[in-house]
Amino acid sequence: QVQLVESGGGLVQAGGSLRLSCAASGRTFSSNPAGWFRQAPGKEREFVAATGWSGGSTFYADSVKGRFTISGGSAKNTIYLQMTNLKPEDTAVYYCAAALSGYAYTQVNFYDFWGQGTQVTVSS
């Protein structure tokens, strides 16, 4: 069974940077689609970034384009989210996810496996 674990969250000042990691264990496939989502208290879970099959394409929410970068090597079962120029509006619990099939990379219900989340808090 696939297990996903996020790390790298914490408290950072506005304008700072954080690098989140999502490590997969168990039987994993590094070529599968993976994504990052976030959820603030009282809000719906929202799409942040994703990478398609074999990492050949990437997708970003408009709110993070130019500031966040999703990456991951094909030789390792780890996905990263490099976050720069952080804003207080980025404060949320960040989740990583992986999918077994399909192409709907920006949709929550597309993913089959989810991590427990890591808290990111941006202060002004």
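Summary of the structure given here. All chains use their own residue numbering, which begins from 1 and follows the written sequence. Local features in a predicted model are, by the rule used here, given only for residues with pLDDT of at least 70; side-chain atom pairs are given and counted only at 80 or more, and totals for whole chains, interfaces and linings are based on all residues. The basis for every side-chain value is the complete set of non-hydrogen atoms in the structure, without hydrogens or water.

This paragraph deals with the overall build of the chain. Only DSSP runs of H or I reaching four residues or more are called helices, and only runs of E reaching two or more are called strands; each is numbered from the N terminus. A tally of helices and strands in the chain yields 0 helices and 11 strands. Taken from the N to the C terminus, the helices and strands of the chain come in the order β-β-β-β-β-β-β-β-β-β-β. Against the globule reference of 14 Å for 124 residues, the chain gives a C-alpha radius of gyration of 13 Å, in line with a compact fold. Seen through its C-alpha atoms, the chain measures out along the principal axes to roughly 40 × 25 × 25 Å. Buried positions account for 39% of the 124 residues belonging to the chain. Throughout, a contact is declared for two residues whenever any of their heavy atoms are within 4.5 Å. The contacts of the chain with a sequence gap of at least 6 include a subset with a gap of at least 24, amounting to 58%. Accessible surface is estimated by sampling points in the Shrake-Rupley manner with a 1.4 Å probe; for residues, cover comes only from the protein chains shown. Of the roughly 6,600 Å² of accessible surface on the chain, a fraction of 48% belongs to carbon and sulfur atoms. Throughout, the radius of gyration refers to the C-alpha atoms, and the reference size of a globule is 2.2 Å times the residue count to the power 0.38. Residue exposure (1.4 Å probe, protein chains only): buried if accessible area is under 20% of the type maximum, exposed if over 50%, otherwise partly exposed.

Okay, the pairing of strand S11 (residues 118-123) next. Burial along S11 is one-sided: the residues Thr-118, Val-120 and Val-122 are buried and none of Gln-119, Thr-121 and Ser-123 is. Strand direction decides the pairing type here: strand S2 (residues 10-13) and S11, joined by 4 bridges, are parallel. Residue pairing for S11: Leu-11 is matched across the bridge by Thr-121. Relative to S11, strand S9 (residues 92-98) runs antiparallel, the two being bridged by 3 bridges. Bridged to Val-93 within S11 is Gln-119. Paired strands are those between which DSSP finds at least two bridges.

Here we take up the sheet that holds strand S1 (residues 3-7). Sheet architecture is open: 4 strands sit in the order S1-S3-S8-S7, paired in antiparallel fashion. Of all strands in the sheet, those with a lone pairing partner are S1 and strand S7 (68-71), marking the two edges. Strand-to-strand, the axes of this sheet are offset by a mean angle of 15°, without reference to chain direction. Here S1 pairs with strand S3 (residues 18-25) via 5 bridges, running antiparallel. Following the sheet pairing, Ser-7 is matched in S3 by Ser-21. Working convention: axes come from line fits to C-alpha atoms, limited for helices to the stretch in contact. Angles between N-to-C directions cover 0 to 180 degrees.

Trp-36, Val-48, Phe-68, Leu-81, Met-83, Tyr-94 and Tyr-111 are the most contacted members of the largest nonpolar core, which totals 32 residues. Every element with two or more residues in this core is listed here: S3, strand S4 (34-39), strand S5 (46-51), S7, strand S8 (78-83), S9 and S11. What Met-83 contacts, discounting residues up to four positions off in sequence, is Gly-16, Ser-17, Leu-18, Leu-20, Arg-67, Phe-68, Tyr-94 and Val-120. Residues grouped as a nonpolar core are buried Ala, Val, Leu, Ile, Met, Phe, Trp, Tyr and Cys residues, joined through side-chain atoms within 4.5 Å.

This part covers the state of the cysteines. The term disulfide is used for any two cysteine sulfur atoms that are within 2.5 Å. Across all of its chains, the model carries 1 disulfide by this definition. The residue that forms a disulfide with Cys-22 is Cys-96, at a sulfur-sulfur distance of 2.0 Å. For the disulfide bridge between Cys-22 and Cys-96, the dihedral angle about the S-S bond is near 65°, and by the sign convention the bridge is right-handed. Residue Cys-22 is located in strand S3, and its partner Cys-96 is located in strand S9; the two are separated by 74 residues in the primary sequence. Given a relative accessible area of 7%, Cys-22 falls into the buried group. The buried category is assigned to Cys-96, whose relative accessible area is 1%.

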